[in-house]
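# Structural characterization, general
Here's the letter readout for the chains.
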Amino acid sequence: MSQFVVTLIVIMFPGIISAIVADKITNHSKWDAFKFGLYSLVLGILCYALLQALSLVFDFFVDEGLSSRWNWLSIWGRASREDVGINQYEVGLAVVLAAPVAFMASSCINYKIFNKLAGALKVSSKFGDENLFSYFMNGGDIDWVYIRDRNSQLTYEGQVMSFGENDSCHEIVLANVKVYTYANSKLCYEVPYMYLCKPFGEIVIESAINQGS
């Protein structure tokens, strides 16, 4: 492995950690290798940018404000000059900031901050990167649901505990489940928990009255 590759990995390490954390806590469509690499780069730059901002704030309030000499991270010099070494202390601090940066980025994505801003400015009506299934299920008022499956001629009523999707189907775990016939809503049986995995397009999900209220 060349020295350049090693240097690049060390520099991008904060971004890689931040991307891994963001991937685990953000609602989004599956990232391919290109997207993961791109987001690692962007989040890594944000880690170093936050570290730079904290460093400048420290200079301003501790080192006598504007009369002091500003301390710039060596990472910026490394981007334009090969003879500038890697400051391991800077990389270590950027790694510490990786999780907070991931939390902030994920919050902006999960709460649709940029989409809401774009909507307020009337420049976009896009709701986010995830599909409509995830968008609907993540709604704050989605708790109890009816899941109607015409193929099996059954209707499932229950409280949503968790949900997700793989390459071929929607996955939903329900609690306090009641199973009815599809045609006349006759109660068939009840179970404490149920896992459903249904191919795309085979089910209709309806929000039900909160049974706990």
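Look a little higher up for the structure.
Remember, it's a predicted structure, so these values are computed and weren't measured experimentally. (Residues numbered from 1 in each chain as written. Predicted model: local features only at pLDDT ≥ 70, side-chain atom pairs only at ≥ 80, totals over all residues. Heavy atoms only, no water.)

## Some thoughts on the pairing of strand β1 (residues 144–149)
Pairing of β1 with strand β2 (residues 154–165), which is carried by six bridges, proceeds in the antiparallel orientation. Residue pairing across strands places D149 opposite L154, the latter belonging to β2. In textbook terms, the turn of a hairpin is the stretch between consecutive antiparallel strands, and for β1 and β2 this stretch comprises four residues, one of which, Q153, has a positive phi near 60 degrees. The sheet contact formed by β1 and strand β5 (residues 203–207) spans five bridges and is antiparallel. Within the sheet, the bridge partner assigned to Y146 lies in β5 and is E206. (Pairing = 2+ DSSP bridges. Helix = DSSP H or I, 4+ residues; strand = E, 2+ residues; numbered from the N terminus.)

## A closer look at the state of the cysteines
Simply put, the disulfide is a covalent bond whose two ends are the sulfur atoms of two cysteines. Counted under the stated rule, the structure contains one disulfide. The side chain of C169 participates in a disulfide bridge whose partner is C197; the two sulfur atoms lie 2.2 Å from each other. Between C169 and C197, the S-S torsion sits near -50 degrees, and that sign places the bridge as left-handed. Of the two residues, C169 is situated in strand β3 (residues 169–181) and C197 in strand β4 (residues 187–199); the sequence distance between them amounts to 28 residues. The class for C169 is buried, based on a relative accessible area of 5%. Relative accessible area serves as the criterion here: at 33%, C197 is assigned to the partly exposed category. (Disulfide = S-S within 2.5 Å. Buried < 20%, exposed > 50% of the residue type's maximum accessible area, 1.4 Å probe, protein only.)

## Some thoughts on the pairing of β3
Pairing of β2 with β3 involves 10 bridges; the strand directions are antiparallel. By the bridge assignment for β3, G164 is matched with E171. Following β2, the chain reverses through three residues before pairing antiparallel with β3. In the sheet, β3 pairs with β4 via 11 bridges, with the strands oriented antiparallel. Counted as the bridge partner of C169 is P199 from β4. Linking β3 back to β4 in an antiparallel pair, the connection comprises five residues, with S185 at a positive phi of about 55 degrees.

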